[in-house]
Amino acid sequence: MRFEGKTALVTGAAGGIGQAIVRGLRAEGARVAVTDRDTGGIEAEAHFDGDLLDGAFCDALPGRVADALCGVDILCNNAGVITRGDITTASDADYALTMGVNVEAPFRIARAAIPIMAAAGGGAIVNTASCWGLQPGPNHPLYVMSKAAIASLTECLGRDHAHQGIRVNAVCPNEVNTSMLRTGFAVRGLDPDQAIATLNASVPLGRIAEPDDIADVILFLASDAARYMCGALVPVNGGKPVV
Ligand code: NAD
């Protein structure tokens, strides 16, 4: 019960990795507030449905969670969107969406959460970045740029707020079996199950990640076992480097 007595906020809580984070935190004693566009059906102690593109919603969220749960010890900035295609196909709307969800929302939520954590004597923030935030993959410049930005923000905040007992770290997954990956195959006319079987063969460990493989590392970074980690970008990739 690593999270007994702790409170947590998880964004993207209705998604593949988000649901695994919420289940894991609650199974180990945390009281969890969930946010997504629709959190109906997600078991949690508090629900805040909303759009992360709404700056005022993001700014207010940590305070609302603290009021509901009496604190925010753990923040998992996990929500994300992926926009595909090279830069010549990227619209202004694609840019605003990708940067809005993947960068501006975690910026706003962390900015509001840190003073609450500091006043309570500390906390842990875990961002879901990507292996593509460490090294670019092909033909996704907006997504890659956004994940590099959240990786950089993680390193900055990890350094700036360690003195307040606030640890900020990130996981950097490669492929994970969630709707984000599967819809990409479907868009390209591929059968997701067949495409994943092919992808599995490219991973040294023999399979792409399941959401729990990523959530377990997020929980570790949120826990006291990671008490000396600040600003770390942790690859979780089954041994597969970025191609
Ligand atoms: P997912 O699509 O299952 O979950 C993403 C969640 O974010 C969804 O529930 C979605 O509703 C929510 N979200 C998106 N835009 C939102 C908005 N404007 N307002 C509120 N909520 C919004 O995908 P996932 O794989 O679980 O993604 C979780 C994180 O993992 C993301 O940051 C993603 O970039 C990252 N990641 C995923 C993979 C992968 O292969 N699946 C690889 C590396 C990193």
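The structure displayed is predicted, hence computed values, not measured ones.

Remarks on the confidence of the model for the chain
The predicted model of the chain averages 97 in pLDDT, with 100% of residues at 70 or higher. Note on the complex model: pTM 0.98, ipTM 0.99.

Examining the site of the ligand
Taken together, 28 residues surround the ligand, and among them Asp36, Asp51, Tyr143, Lys147 and Thr178 come closest. Within the side chain of arginine 37, an N or O atom sits 3.2 Å from an oxygen atom of the ligand. Within the contact set of the ligand, an oxygen atom lies 2.9 Å away from a backbone nitrogen or oxygen of valine 176. Protein chains shield 92% of the accessible area of the ligand, which is 830 Å² for the free molecule.

Let's talk about the pattern of salt bridges
By the definition in use, this model includes 10 salt bridges. Taking the shortest distance from any N to any O, the salt bridge between aspartate 212 and arginine 23 comes out at 3.7 Å. Of the two residues, aspartate 212 sits in helix H7 (residues 211-222) while arginine 23 sits in helix H1 (residues 16-27), which places them 189 residues apart along the sequence. Overall, aspartate 212 belongs to the partly exposed group, its relative accessible area being 39%. We note a salt bridge from glutamate 43 to arginine 26, for which the minimum N-O separation is 3.8 Å. A residue pair is termed long-range when its members are at least 10 positions apart, and glutamate 43 in the loop between strand E2 (31-36) and strand E3 (46-49) and arginine 26 in helix H1 qualify at 17 residues. Note on glutamate 43: relative accessible area 61%, which makes it exposed. The partly exposed category is assigned to arginine 26, whose relative accessible area is 27%. A single salt-bridge network, built from bridges that share partners, covers Asp59, Glu104, Arg108 and Arg111.

Description of the packing of aromatic side chains
Enumeration according to the criterion identifies 1 aromatic pair in this entry. Each ring, one from tryptophan 132 and one from tyrosine 143, has its centre 6.3 Å from the other, and the planes form 75°; the classification is edge-to-face. One end of the pair, tryptophan 132, is in the loop between strand E5 (123-128) and helix H4 (141-160); the other, tyrosine 143, is in helix H4, with 11 residues separating them in the sequence. Owing to a relative accessible area of 19%, tryptophan 132 belongs among the buried residues under this scheme.

Re the packing of H1 against H7
A pair of packed helices is characterised by two quantities: the angle between their axes and the separation of those axes. Contact geometry of H1 with H7 gives a least axis separation of 8 Å together with a crossing angle of 50°. For the element pair H1 / H7, the angle class is oblique. The two elements H1 and H7 meet at a crossing, and its hand is right-handed. Each of Gly16, Ile17, Ala20, Ile21, Arg23, Gly24 and Leu25 in H1 lies in contact with H7, whose residues at this interface are Pro211, Asp212, Ile214, Ala215, Ile218 and Leu219. Partitioning the contact of H1 with H7 into residue classes produces 9 nonpolar, 2 polar and 2 charged.

Comments concerning the pairing of strand E1 (residues 7-11)
Summarising burial for E1: 5 of the 5 residues are buried, a large majority. Residues Thr7, Leu9 and Thr11 line one face of E1 and the alternating positions Ala8 and Val10 line the opposite face, and both faces are buried. Note that the unit made of E1, H1 and E2 has a crossover that is right-handed.

Section: the domain arrangement of the chain
Here the chain is described as being made up of domain 1 (7-174 + 211-235) and domain 2 (175-208). Look at where the C-alpha atoms of domain 1 and domain 2 centre, and you get two points 24 Å apart. Contacts between domain 1 and domain 2 engage 12 residues on the former and 8 residues on the latter. Between domain 1 and domain 2 the total buried area reaches about 760 Å² when both faces are included, carbon and sulfur atoms providing 56% of it. The partner of arginine 207 in a salt bridge is aspartate 213, and the shortest N-O contact between them spans 2.7 Å. Elements with a minimum of two residues in the side of domain 1 that touches domain 2: H1 and H7. Ranked by residues supplied to the side of domain 1 that touches domain 2, first place goes to H7 with 3 residues.

Details of the packing of helix H5 (residues 179-187) against helix H6 (residues 192-200)
Two elements in contact, H5 and H6, have axes separated by 9 Å at closest approach and are oriented at 110°. In terms of orientation, H5 and H6 fall into the roughly perpendicular class. Touching Leu181, Arg182 and Phe185 of H5 are Pro192, Asp193, Ala195, Ile196 and Leu199, all from H6. For the contact of H5 with H6, the residue count by class is 6 nonpolar, no polar and 2 charged.

What counts, and at which threshold
Residues numbered from 1 in each chain as written. Predicted model: local features only at pLDDT ≥ 70, side-chain atom pairs only at ≥ 80, totals over all residues. Heavy atoms only, no water. pLDDT = per-residue confidence, 0-100. Near = heavy atom within 4 Å. Polar contact = N/O pair within 3.5 Å; in protein donor to acceptor, adjacent residues only side chain to side chain. Areas by Shrake-Rupley, 256 points an atom, 1.4 Å probe, with all protein chains shown as cover. Salt bridge = Lys/Arg side-chain N within 4 Å of Asp/Glu carboxyl O. Helix = DSSP H or I, 4+ residues; strand = E, 2+ residues; numbered from the N terminus. Buried < 20%, exposed > 50% of the residue type's maximum accessible area, 1.4 Å probe, protein only. Phe/Tyr/Trp six-rings, centres within 6.5 Å; stacked < 30°, edge-to-face > 60°. Axes fitted to C-alpha atoms, helices over the stretch in contact; angles between N-to-C directions. Parallel < 35°, antiparallel > 145°, perpendicular 65-115°, else oblique. Left-handed = near helix turned anticlockwise from the far one by under 90°. Contact = heavy atoms within 4.5 Å. Nonpolar A, V, L, I, M, F, W, Y, C, P; charged D, E, K, R; others polar. Right-handed = clockwise from strand over helix to strand, strands pointing away. Domains from an automatic or database assignment. Buried area = accessible area lost by both parts, 1.4 Å probe.

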